[in-house]
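# Structural characterization, general
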Amino acid sequence: MRVLMVEDEKLLAETVRRGLSNEGFIVDVTHDGVSGLWAATENPYDVIILDLMLPLKNGYDVLKELRERRIWTPVMMLTAKDGEYDQTDAFDLGADDYLTKPFSFLVLTARLRALIRRGAPERPVIMTLGTLTMDPLNRSVHRGDTTISLTAREYGLLQYLLRRHDQVVSKAEILDNVWDPAFEGGDNVVEVYIGYLRRKIDAPFNVTSLNTVRGMGYRLSADRDDVS
């Protein structure tokens, strides 16, 4: 069982390497994203342990490039970042598991064995709601067979709404998760961009999937006409 560990904390990496070696794993270690990506593309591995906060290239970008190159080796994110959106972003990009530091070595080993048993089936990451689809790897959006062109902000808004589909999200939640924390404008900007989005994902297709819930916020759901 061959493992690649991409981790810039050298003491931690060596500790994990020794522990896994004692369990029968063959472990290669790199300490930055560029060398980690090179190793992952040049050598066959059963599983990859990938930190998020890496020098030269962060773990998100490494994972994204691996999946774009159709390398489906199971990837476990191992990181101190424990926010739910950090985890969501990782899974959206094609991660298979997510373990936060500090962690139990026994749990790490058990999860690695589970990932190896599962193997590396092809699993493109596409978010789907009715006939609306988003491919985060290619940053493309479609309604059925029609490509929808979005600005970066519209794309970010739609991605957040897709993650929270069928839930009511407030303007404040959208501002916190889609806009930069330094943004000083009012929450009316959310209403403006909701309007932009509706004109692109709903109006041309005669559907209504993005609804206003009066006094509460907005909800994205599959329009009845979109459900097969």
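Procedures and definitions
- What you see as residue numbers is a count from 1 along each chain, following the sequence as written.
- Totals for whole chains, interfaces and linings use all residues, but because this is a predicted model, local features are given only for residues with pLDDT of at least 70 and pairs of side-chain atoms are given and counted only at 80 or more.
- Where side-chain values are given, they derive from all heavy atoms of the structure, hydrogens and water being excluded.
- Here, a salt bridge means any Lys or Arg side-chain nitrogen found within 4 Å of an Asp or Glu carboxyl oxygen.
- Each helix is a run of H or I in the DSSP string that is no shorter than four residues. Each strand is a run of E no shorter than two, and both are numbered from the N terminus.
- Throughout, exposure labels follow a simple rule: accessible area from a 1.4 Å probe, protein chains only, divided by the maximum for the residue type, with under 20% read as buried, over 50% as exposed, and the rest as partly exposed.
- The aromatic pairing rule takes the rings of Phe, Tyr and Trp, using the six-membered ring of Trp, and pairs them if the centres are within 6.5 Å, calling planes under 30 degrees apart stacked, those over 60 edge-to-face and the rest tilted.
- A strand pair is defined by DSSP finding two or more bridges across the two strands.
- Every angle, taken between N-to-C directions, lies between 0 and 180 degrees, and every axis is a line fitted to C-alpha atoms, over only the stretch in contact when it is a helix.
- Two residues qualify as a contact provided that any one of their heavy atoms is within 4.5 Å of a heavy atom in the partner residue.

## Quick word on the pattern of salt bridges
For the structure on display, the rule yields 16 salt bridges. For Glu9, the salt bridge goes to Lys101, with nearest N and O atoms at 3.1 Å. With Glu9 in the loop between strand 1 (2-6) and helix 1 (10-22) and Lys101 in the loop between strand 5 (97-100) and helix 5 (105-118), this residue pair connects regions lying 92 residues apart in the sequence. Judged by its relative accessible area of 41%, Glu9 is partly exposed. Among the charged side chains, a network of salt bridges with common partners joins Glu7, Glu9, Asp51 and Lys101.

## What to know about unusual backbone geometry
Of the consecutive residues Lys101 and Pro102, the connecting peptide bond is found in the cis state with omega at -10°. Here Pro102 lies in the loop between strand 5 and helix 5. Despite not being glycine, Asp166 has its phi angle at roughly 70°, a positive value. Looking at the secondary structure, you find Asp166 in the loop between helix 6 (152-163) and helix 7 (171-178).

## Side note on the packing of aromatic side chains
Given two aromatic rings, their pairing is described by the distance between the two centres and the angle made by the two planes. Tallied over the entire structure, the rule returns two aromatic pairs. A centroid spacing of 5.0 Å and a plane angle of 75° characterise the contact between Tyr193 and Tyr196, whose relative ring orientation is edge-to-face. With Tyr193 and Tyr196 both in helix 8 (residues 188-201) and three residues apart, the pair spans about one turn of that helix. Judged by its relative accessible area of 33%, Tyr196 falls in the partly exposed class.

## Topic: the sheet that holds strand 5
Judged by pairing direction, the sheet is parallel, and its five strands sit side by side in the order 2-1-3-4-5 without closing on themselves. On the outer flanks of this sheet lie strand 2 (26-30) and strand 5, each paired with one strand and no other. Going from strand to strand, the sheet's axes swing by 20° on average, the running direction of each strand aside. One ladder, built from three bridges, connects strand 3 (residues 47-50) with strand 4 (residues 75-79); its direction is parallel. Among the inter-strand pairings, Ile49 is bridged to a residue of strand 4, identified as Met76. Together, strand 1, strand 2 and strand 3 form the strand contacts of helix 1, whose direction differs from that of strand 2 by roughly 170°. Along the sheet, helix 5 contacts strand 3, strand 4 and strand 5; its crossing angle with strand 5, the most-contacted strand, is approximately 170°.

## Things to note about the pairing of strand 7 (residues 132-135)
In the sheet, strand 6 (residues 127-129) pairs with strand 7 via three bridges, with the strands oriented antiparallel. Among the inter-strand pairings, Met127 is bridged to a residue of strand 7, identified as Met134. In terms of strand pairing, strand 7 meets strand 8 (residues 140-143) through four bridges, oriented antiparallel. Within strand 8, the residue paired with Thr133 across the bridge is His142.

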